[in-house]
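# Tertiary structure, described
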Amino acid sequence: MKTAVVTDTNSGITAEMGRKLGVFVVPMPVIIDGKTYYEGENLTQEAFFQSQMSGGDITTSQPSPGDVMDLWERILNDGYDDLVYIPMSSGLSNSCASSMILARDYDGKVQVADNHRISVTQYASVLDAVKLADEGKNAFEIKKALEAAAYDASIYIAVDTLEFLKKGGRITPAAAAIGSVLNIKPILSIQGDRLDAYAKARGMKRCQAKLIEALKNDFKERLKDADMSKVRVGTAGSFRSAADAEAWRQEVANAFPGFDVIYGNLGCSIATHTGPEARGIGFYKVL
């Protein structure tokens, strides 16, 4: 069997990265002032943040069924026996559910894995899928393995401004106004397909300390009986400066000695809701 691995840019995997990994990537659409752009194709992070900070009207959408099916058919026509598609969590978008409906027309050759992940944990799932495909597993077997491991991961994320959560309707204008005056930063938790408020702190330095504390609590509680040789630590962010991104990764690496801490950019589709300068931390287990 020759099995292809497909994901979307919410994983942090760009088209260029995908080519190096041997992975096919669906670009997430972002609508700026009424015009649709595709991340990594005709929209860079620099241009996205410029539009966001200048007050552009930005919304997100799921990939069109036609675009997704066109990619699947190109892959299958290019000699692959089947493919496994790993979109962002079904709890955070309708993209996964829509893809599952589309896959019914492919007689099992297209398997959609809903392993309830996004960003660096979704990226980890893609790497697991590539490993399993290299070992000769077919798309159905990979889907089952990824879904069985869905909850072996966790993400915490802090946003620098409440403005974009307010625009997305996730907090009220009154709460955003109070938070901005008091410099309160919310910390959100993604456990599986649940996006919940986890904590809040005044100032980003305190937020970063709470993010690290949250992951250390996971190590003590959720991972107390885990095989730590399979546990990895990741960071992510919507930083406009590469130096700031590296400083955050290094701070986490210092807090978790012995782990090779990775960093991934939050895609434009995610940053639409978090705004710039958001930062996240998480763990995941490799298969």
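These numbers come from a predicted model, not from an experiment.

### Considering the overall build of the protein chain
Scanning the protein chain from terminus to terminus reveals eleven helices and 13 strands. For the protein chain, the spread of C-alpha atoms along the principal axes amounts to about 55 × 50 × 30 Å. Counting the 287 residues in the protein chain, one finds 50% classified as buried. Element-wise, carbon and sulfur atoms account for 50% of the exposed surface of the protein chain, whose accessible area totals about 13,300 Å².

### Remarks on the packing of aromatic side chains
Applying the stated rule across the entire model yields eight aromatic pairs. With a centroid separation of 5.8 Å and an interplanar angle of 85 degrees, the aromatic rings of Phe 24 and Tyr 80 are classed as edge-to-face. Pair noted here: Phe 24 is in strand E2 (residues 24-26) and Tyr 80 is in the loop between helix H3 (65-77) and strand E6 (82-86), with a separation of 56 residues, a long-range link. Between the aromatic rings of Phe 239 and Tyr 263, the centroid separation amounts to 6.3 Å while the plane-to-plane angle is 45 degrees, which identifies the pairing as tilted. Linking Phe 239 in the loop between strand E11 (231-237) and helix H10 (242-255) with Tyr 263 in strand E12 (residues 262-265), this pair joins segments that are 24 residues apart in sequence. A residue is classified by how much of its surface remains accessible, and Phe 239, at 6% relative accessible area, is buried. Of the residues examined, Tyr 263 reaches a relative accessible area of 24% and is grouped as partly exposed. Connected via pairs of aromatic rings, a cluster forms that spans Trp 72, Tyr 85 and Tyr 106. Lying over the aromatic face of Tyr 80, Lys 2 brings its terminal NZ or CZ to 4.5 Å of the ring centre.

### Concerning the packing of helix H5 (residues 119-134) against helix H6 (residues 139-148)
Contact geometry for H5 and H6: axes closest at 10 Å, N-to-C directions at 140 degrees. For the pair H5 and H6, the crossing hand works out as right-handed. Contacts between H5 and H6 pair Ser 125, Asp 128, Ala 129, Leu 132 and Ala 133 from the former with Ile 142, Ala 145 and Leu 146 from the latter. The class makeup of the residues in the contact of H5 with H6 is six nonpolar, one polar and one charged.

### Overview of the sheet that holds strand E1 (residues 3-8)
Taken in spatial order, the four strands of this open sheet run E2-E1-E6-E7, and their pairing is parallel. A single partner strand is all that each edge strand has here, and the edge strands are E2 and strand E7 (110-112). If you compare each strand with its neighbour and ignore which way they point, the axes differ by 25 degrees on average. Strands E6 and E7 of the sheet are contacted by helix H4 (residues 95-103), whose axis makes an angle of about 155 degrees with E7. Across the sheet, H6 touches E1, E6 and E7, and the angle it forms with E6 is around 25 degrees.

### Let's talk about the pattern of salt bridges
Under the definition given, this model contains seven salt bridges. Among the ionic pairs, Lys 131 bridges to Glu 135, the shortest N-O distance being 3.0 Å. In this structure Lys 131 comes out as partly exposed when scored by relative accessible area, which is 37%. For Glu 135, a relative accessible area of 46% translates into the label partly exposed. Among the ionic pairs, Asp 160 bridges to Lys 185, the shortest N-O distance being 3.5 Å. In this pair, Asp 160 is assigned in the loop between strand E8 (153-158) and helix H7 (163-167) and Lys 185 in strand E9 (residues 184-191), connecting sequence segments 25 residues apart. For Lys 185, a relative accessible area of 9% gives the class buried.

### A word on the nonpolar core
With 23 residues, the main nonpolar core has Phe 219, Val 252, Phe 256 and Ile 281 as its most contacted residues. Elements supplying a minimum of two residues to this core: E8, helix H9 (204-220), E11, H10 and strand E13 (279-285). If one sorts the elements of this core by residue count, H9 sits on top with seven residues.

### Remarks on the sheet that holds strand E3 (residues 29-32)
A sheet is described by the order of its strands in space; here three strands give the open sequence E4-E3-E5, paired in antiparallel fashion. Edge positions in the sheet fall to strand E4 (35-38) and strand E5 (58-60), since each has one partner strand and no second. Taking the axes of each pair of neighbouring strands and ignoring which way they run, one obtains an average angle of 30 degrees across the sheet. Direction of pairing for E3 relative to E4: antiparallel, over a ladder of four bridges. The partner of Pro 29 across the bridge, within E4, is Tyr 38.

### Here's the deal with a negative patch on the surface
Taken together, Glu 41, Asp 67, Asp 70 and Glu 73 make up a surface patch of like negative charges. With respect to the helices, strands and loops of the structure, Glu 41 is situated in the loop between E4 and helix H2 (45-53).

### Here's the deal with the confidence of the model for the protein chain
Residues at a pLDDT of 70 or more form 93% of the protein chain, whose mean pLDDT is 91. Scored below 50 in pLDDT, residues 174-179 makes six contacts in the model with residues more than four places away or belonging to other chains.

Definitions and limits used
- Residues numbered from 1 in each chain as written.
- Predicted model: local features only at pLDDT ≥ 70, side-chain atom pairs only at ≥ 80, totals over all residues.
- Heavy atoms only, no water.
- Helix = DSSP H or I, 4+ residues; strand = E, 2+ residues; numbered from the N terminus.
- Buried < 20%, exposed > 50% of the residue type's maximum accessible area, 1.4 Å probe, protein only.
- Areas by Shrake-Rupley, 256 points an atom, 1.4 Å probe, with all protein chains shown as cover.
- Phe/Tyr/Trp six-rings, centres within 6.5 Å; stacked < 30°, edge-to-face > 60°.
- Lys NZ or Arg CZ within 6 Å of the ring centre and 35° of its normal.
- Axes fitted to C-alpha atoms, helices over the stretch in contact; angles between N-to-C directions.
- Left-handed = near helix turned anticlockwise from the far one by under 90°.
- Contact = heavy atoms within 4.5 Å.
- Nonpolar A, V, L, I, M, F, W, Y, C, P; charged D, E, K, R; others polar.
- Pairing = 2+ DSSP bridges.
- Salt bridge = Lys/Arg side-chain N within 4 Å of Asp/Glu carboxyl O.
- Core = buried A, V, L, I, M, F, W, Y, C linked by side-chain atoms within 4.5 Å.
- Patch = residues over 30% accessible without salt bridge, like charges linked within 9 Å, V, L, I, M, F, W, Y side chains within 5 Å.
- Lys, Arg positive; Asp, Glu negative; His and termini not counted.
- Charge placed at Lys NZ, Arg CZ, Asp CG, Glu CD.
- pLDDT = per-residue confidence, 0-100.

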